[in-house]
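Okay, here's what each chain looks like letter by letter:
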Amino acid sequence: MRALLLSLAIGSMLSGPTALGAEALPASERLLHNVTIWTLDPAQPEATAMVWGRDGRIIATGHADALFGRFPSAERIDGARGFVIPGLIDAHAHLMNLGHALMRVDLAGTTSKQQIVERLQAFAEELPPGAWLLGRGWDQNRWAEREFPTAADLDAAFPDRPVWLRRVDGHAGWANSAALRRVERELDGDWQPDGGRILRRDGRATGVLIDTAMDLLDAVVPEASDATREQALHRALAESVRFGLTGVHDMGVSLDDLALYRRFADAGALPLRITAYADGDGDALTALCAFGPMQHAGGRLQMRGVKLYADGALGSRGAVLLADYHDEPGHRGLWVTRPEQLDQTVARAQRCGVQLAVHAIGDAGNRAVLDLYAKHLDRSGGEPRWRVEHAQVVALDDIARFATLGVLASMQPTHATSDMPWAGDRLGPQRLGGAYAWQRMREAGVRMPFGSDFPVEAVDPRLGLHAAVTRQDADGNPPGGWLPEQRMTLEQALRGFTVEAAHAGFAEAEVGALQPGRRADFVVLDGDPRRLGSDRLRSLPIRSTWVDGATVFEAGRDRP
């Protein structure tokens, strides 16, 4: 039945109207000038003007005077000495999670449980009586005690209203007693769900549930209405283009969300390109096997892959390690999906020609996924471009295997700068050599699309560029950067968010660089990042974002 629903969700993807973005198509060619363009096109790395046609495809780049002569009737757009880069693509993100997070309590950056309670109390004043209080972003590593919280920490302020708060990484949740009472199964005792962990003290659930254990609580949270989901998507899209994103690889898309995206695409209401990776249930994979890759006629929505999970996250000690956690002897993490189960799905995806994107963070998780890929990958028919999502902690001996197998290491630079205060505590010094090892990956010939994993991290790709180049936080710490030998050059980092991300989504003929034949997806900045100090990368103003040669965001205007 769900396979049928998926077929209905994508049924019109091949016959939808062209998505136009925020502007109508121009009457003739458009010529952007008075700019410096960093094209990432090896044939013409820099230009001062660019021309595109009514179809939104680039016709020419070059010097303004020459292009004025070639295209005398083109509409001229004065770029006011802006700096142009290719449109930025987030290769690992969660659009609907972002939209819902923007409509819930934002707990990011909180440094104590008391601060969290204060934010919750302020937000609760706007809710109807008895409504669930939902939020995201807490991180016990930022608190003085650095220990997981309990339901009791919330109960005094919220004795009757259910509270359910996702950890910053999305791999743990914190509930109060009112929420725990809604769960249909008894949480106390000594049992554990497969792929998850209920934290207990003296046999009683503390209120923190990790990985698949969160499903027990999620099952009793009231579902969002259609109107709420539409509003969430609108907010997520607007937030994304505001920061220069012209494309997103959306990981773990449900059937309902795919249908919602299709409706937006049909209406010409997608201001950026979504490369959707279906959530890893069997029915989604069945439909992909039946229908093959799916592309909306408007060019802004496609699905050709599936997202799976191997292990959990490092911050919640769910990432699977080859040896014990340095700060929890006897514990090595959690298999969200056991290797023997993954084996069946990987084999099926190979038979169907479906692109795989598997979440693996710990060194044991990464090794298990590489082993399965080595067993099943068949490159005789072309590049399958199978991906490992995150690849945060990799045994040094396994790094070269990514390149040998042609596996992409889909990484998120801001994870390194978020995790650096405590990653050494989790791993110990010996395993840090393969942690967030961007230069080791690059030197081994591994292709690395970059993203943010928003809303786990902030949407803003400028933060990712800064993290990749400096490996420092916003205050410039630590001096010289954390594990500084792994820092990237600015061009390497930018390619991760453009050329490499486009390649990971099989879209390198369409986007990723500004050259003739590709889409006019670009960002206009208020300065040349190559000539600024790296500390200013985080705040370099974004003037406008363009998709198919039309503005989808302009600073100072309420768009889209």
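See the structure above.
Residues numbered from 1 in each chain as written. Predicted model: local features only at pLDDT ≥ 70, side-chain atom pairs only at ≥ 80, totals over all residues. Heavy atoms only, no water.

Visitor: Could you clarify how one ought to interpret the overall build of the protein in this entry?
Guide: The helix and strand inventory of the protein stands at 19 helices and 22 strands. Each of the three principal axes of the protein carries a C-alpha extent, and together these read 80 × 55 × 50 Å. By residue count, 59% of the 560 residues in the protein fall in the buried class. Across the protein, contacts joining residues at least 24 apart in sequence account for 73% of those joining residues at least 6 apart. As displayed, the protein has an accessible area near 21,700 Å², and 48% of this comes from carbon and sulfur atoms. Once the 61 positive and 73 negative side-chain charges of the protein are each reduced to a mean point, those two points are 3 Å apart. (Helix = DSSP H or I, 4+ residues; strand = E, 2+ residues; numbered from the N terminus. Buried < 20%, exposed > 50% of the residue type's maximum accessible area, 1.4 Å probe, protein only. Contact = heavy atoms within 4.5 Å. Areas by Shrake-Rupley, 256 points an atom, 1.4 Å probe, with all protein chains shown as cover. Lys, Arg positive; Asp, Glu negative; His and termini not counted. Charge placed at Lys NZ, Arg CZ, Asp CG, Glu CD.)

Visitor: Please explain the packing of aromatic side chains as it appears in this structure.
Guide: Both the distance between ring centres and the angle between the ring planes are used here to describe each pair of aromatic rings. Scanning the model with the defined rule gives 12 aromatic pairs in all. Centroid distance Phe-450 to Phe-497: 5.8 Å. Interplanar angle 65°. Geometry classified as edge-to-face. Taken together, the residues span a long stretch of sequence, with Phe-450 in the loop between helix H16 (438–443) and helix H17 (461–470) and Phe-497 in the loop between helix H18 (490–496) and helix H19 (499–504) at a distance of 47 residues. This pair shows no difference in class: Phe-450 is buried, exactly as Phe-497 is. (Phe/Tyr/Trp six-rings, centres within 6.5 Å; stacked < 30°, edge-to-face > 60°.)

Visitor: Help me out: how do you make sense of the pattern of salt bridges in this one?
Guide: Close approach of charged atoms allows side chains with opposite charge to pair. Tallied over the entire structure, the rule returns 37 salt bridges. Ionic pairing is found between Asp-266 and Arg-262, a salt bridge with its closest N-O pair at 3.4 Å. Highlighted residues: Asp-266 and Arg-262, both in helix H9 (residues 255–266), separated by 4 residues, approximately one helical turn. Residue class for Arg-262 comes out buried when judged on its relative accessible area of 18%. The closest approach of N and O atoms between Glu-508 and Arg-385, which form a salt bridge, is 2.8 Å. Remark: Arg-385 occurs in the loop between helix H12 (363–376) and strand E18 (387–390) and Glu-508 occurs in the loop between H19 and strand E20 (522–525); sequence separation between them is 123 residues. Judged by its relative accessible area of 30%, Glu-508 is partly exposed. By relative accessible area, which is 8% here, Arg-385 ends up buried. Three or more residues joined by partner-sharing salt bridges are found here, namely Arg-57, Arg-273, Arg-300, Glu-510, Arg-519, Asp-521 and Asp-548. (Salt bridge = Lys/Arg side-chain N within 4 Å of Asp/Glu carboxyl O.)

Visitor: Is there a simple way to think about empty space enclosed by the protein in this case?
Guide: Rolled over the atoms, a probe sized like a water molecule indicates the empty space that remains. In total, this model carries 1 cavity of 30 Å³ or more according to the counting rule given. Here the largest cavity is characterised by a volume of approximately 100 Å³. Contributing to the lining of the largest cavity are Trp-38, Ile-85, Leu-88, Arg-462, Leu-465, Leu-490, Leu-494, Leu-525, Pro-529, Leu-537 and Leu-540. Among the secondary structure elements, those contributing two or more residues to the lining of the largest cavity are H17 and H18. Of the residues belonging to the lining of the largest cavity, the class tally is 10 nonpolar, no polar and 1 charged. (1 Å grid on protein atoms, 1.4 Å probe; cavity = no way out; pocket = protein on both sides within 12 Å on 5 of 7 lines; lining within 4 Å. Points joined across faces, edges and corners; volume = space filled by probe spheres on them. Nonpolar A, V, L, I, M, F, W, Y, C, P; charged D, E, K, R; others polar.)

Visitor: Got a minute to help me understand the sheet that holds strand E11 (residues 196–201) in this structure?
Guide: In any sheet, the strands associate via hydrogen bonds between backbone groups, in a parallel or an antiparallel arrangement. Taken in spatial order, the 6 strands make up an open sheet running E7-E8-E9-E10-E12-E11, and their pairing is mixed. If you trace the sheet from one side to the other, it starts and ends with strand E7 (105–106) and E11, each paired once. (Pairing = 2+ DSSP bridges.)

These values are about where atoms sit, not about what they do.
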